[in-house]
Amino acid sequence: MVRYAALLVLSCAAIAVTGCGRGESSTSTEVRLEREDLVTVAHALQRTQAPVEREVAAAKAAWPLVAHGVPADMAAIERAPILAAAATAAKIPMPAPLQEAQATMLTGPGSSIAGLFRTYSGLAAHGWQIIATTIDVIEHGSQGAARFARANVALYIESVYDAHFTLAQIGKKVLDGYGKLGDGKAFGAALTMDEVEALARAYSEATDRLHPHVGVRLGS
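This structure is a prediction, so every number in the text was calculated from the model and none was measured.

Peer 1: Is there a simple way to think about the packing of aromatic side chains in this case?
Peer 2: Aromatic ring pairs are reported here in terms of the distance separating the ring centres and the angle at which the planes meet. In total, this model carries three aromatic pairs according to the counting rule given. With a centroid separation of 5.9 Å and an interplanar angle of 35 degrees, the aromatic rings of Trp63 and Tyr161 are classed as tilted. Taken as a pair, Trp63 in helix α2 (residues 26-66) and Tyr161 in helix α6 (residues 143-167) lie far apart in primary sequence, 98 residues in all. Using a relative accessible area of 7% as the deciding quantity, one classes Tyr161 as buried. Seen in terms of ring centroids, Phe117 and Tyr120 are 5.7 Å apart; in terms of plane orientation they differ by 70 degrees. Their pairing is edge-to-face. With Phe117 and Tyr120 both in helix α5 (residues 108-140) and three residues apart, this pair spans about one turn of that helix. Accessibility assignment for this pair places Phe117 and Tyr120 in one class, buried.

Here it is in structure tokens:
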């Protein structure tokens, strides 16, 4: 109820209705809500950090096997790392604040950060699942199905790369949002600089990007 009341204050201020209230200004109320939302999202990211680290480790182990496409000789590709990557990606949790239904109420940097996490989770889980299925189809399916699968697998390989590129942007967004909204002086114990810096390291290019760069194109 407090949150809805605060949103009502913003609405009233925006349309300049006389007598709608003389409390906080529109700007100060908006900033307060954005801080609250960033704290909520940051804590959700802390809860997902361990399973995300497991997914990243599994992805890095499997990625060199597919970065340049599925090999012509299917006997040359290791299945276990790819299956492990698919299984781990499927287990990435989605805390309530990051879910699409609840994220529609988020404001400020917290909203875009939640969107980045959903994008990462969806691309990683779907991409690895289809890559694993494609390998089975190429080996055991009909010639037509195998040709189709091989011609389109690049799309899903790219989606895995894009998933981790997206994940790697989250930490910077948290750090930027924290500074924009007043840093430690404004957030206090609700979200400390140490916590933000830890998230910036965990969700960073140094930690999460896949190497080498994706080297396959659709239809190749």
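Still more ground to cover, so stick around.
Peer 1: Just checking my understanding: could you explain the confidence of the model for the chain for this structure?
Peer 2: One rule of thumb: low pLDDT means the predicted coordinates there are not for detailed reading. On average, the chain scores 89 in pLDDT, and the residues at 70 or more come to 87%. Note on residues 1-23: pLDDT under 50 across the span, and 21 contacts to partners over four residues away in sequence or across chains.

Peer 1: Got a minute to help me understand the pattern of salt bridges in this structure?
Peer 2: By the definition in use, this model includes four salt bridges. A salt bridge links Arg79 to Glu139; the shortest N-O distance between them is 2.4 Å. Placement of the pair is Arg79 in the loop between α2 and α3 (80-90) and Glu139 in helix α5, with a sequence separation of 60 residues. Arg209 is paired through a salt bridge with Glu205; the nearest N and O atoms lie 3.1 Å apart. A residue is classified by how much of its surface remains accessible, and Arg209, at 16% relative accessible area, is buried.

Peer 1: So what exactly am I meant to see when it comes to α6 here?
Peer 2: In an α-helix, one turn spans 3.6 residues; hence positions three or four apart end up facing the same way. Along its 25 residues, α6 runs 37 Å from first to last C-alpha, staying within 8% of the 36 Å computed at 1.5 Å per residue. Of all the bends found along α6, the most pronounced is centred on Asn152 and spans about 35 degrees. Taken residue by residue, α6 has Ala146, Ala149, Val153, Ala154, Ile157, Ser159, Val160, Tyr161, Ala163, His164, Thr166 and Leu167 as its buried positions.

Peer 1: Can you walk me through the packing of α5 against helix α7 (residues 170-180) in this structure?
Peer 2: For any two helices packed against each other, one specifies the inter-axial angle together with the distance between the axes. Packing of α5 against α7 leaves a shortest axis separation of 10 Å and a crossing angle of 175 degrees. The angle between α5 and α7 places the two elements in the roughly antiparallel class. Contacts between α5 and α7 involve Pro109, Ile113, Leu116 and Phe117 on the former and, on the latter, Ile170, Lys173, Val174 and Gly177. Residues belonging to the contact of α5 with α7 are distributed by class as follows: six nonpolar, one polar and one charged.

Peer 1: Teacher, can you tell me more about the nonpolar core here?
Peer 2: Inside soluble globular proteins, nonpolar side chains tend to come together where they are buried. In this structure, Leu45, Trp63 and Trp128 are the most contacted members of the largest nonpolar core, which totals 57 residues. Breaking this core down by element, the ones donating at least two residues are α2, α3, α5, α6, α7 and α9 (193-202). Excluding residues within four positions of it along the chain, Trp63 makes contact with Trp128, Ile157, Val160, Tyr161, Leu210, His211, Pro212 and Val214.

Peer 1: I keep staring at the packing of α7 against α9 and nothing clicks. Help me out?
Peer 2: α9 packs onto α7 with a crossing angle of 155 degrees between their chain directions and a minimal axis gap of 7 Å. When the interaxial angle is binned, α7 and α9 end up roughly antiparallel. The handedness of the crossing between α7 and α9 comes out as left-handed. Listed contacts from α9 to Gly171, Val174, Leu175 and Tyr178 of α7 are Met193, Val196, Leu199 and Ala200.

Peer 1: Teacher, can you tell me more about α3 here?
Peer 2: Three or more residues of α3 are buried, namely Pro81, Ile82, Ala85, Ala86 and Ala89. Down the axis of α3, the buried set is contained in an arc of 140 degrees. They therefore lie on one face. Facing away from the buried side of α3 by over 90 degrees, the exposed positions are Ala80, Leu83 and Ala90.

Rules used throughout
- Residues numbered from 1 in each chain as written.
- Predicted model: local features only at pLDDT ≥ 70, side-chain atom pairs only at ≥ 80, totals over all residues.
- Heavy atoms only, no water.
- Phe/Tyr/Trp six-rings, centres within 6.5 Å; stacked < 30°, edge-to-face > 60°.
- Helix = DSSP H or I, 4+ residues; strand = E, 2+ residues; numbered from the N terminus.
- Buried < 20%, exposed > 50% of the residue type's maximum accessible area, 1.4 Å probe, protein only.
- pLDDT = per-residue confidence, 0-100.
- Contact = heavy atoms within 4.5 Å.
- Salt bridge = Lys/Arg side-chain N within 4 Å of Asp/Glu carboxyl O.
- Expected span 1.5 Å × (residues − 1).
- Bend = angle between axes of the 7 residues up to and from the residue.
- Axes fitted to C-alpha atoms, helices over the stretch in contact; angles between N-to-C directions.
- Parallel < 35°, antiparallel > 145°, perpendicular 65-115°, else oblique.
- Nonpolar A, V, L, I, M, F, W, Y, C, P; charged D, E, K, R; others polar.
- Core = buried A, V, L, I, M, F, W, Y, C linked by side-chain atoms within 4.5 Å.
- Left-handed = near helix turned anticlockwise from the far one by under 90°.
- Arc of directions from axis to C-beta.

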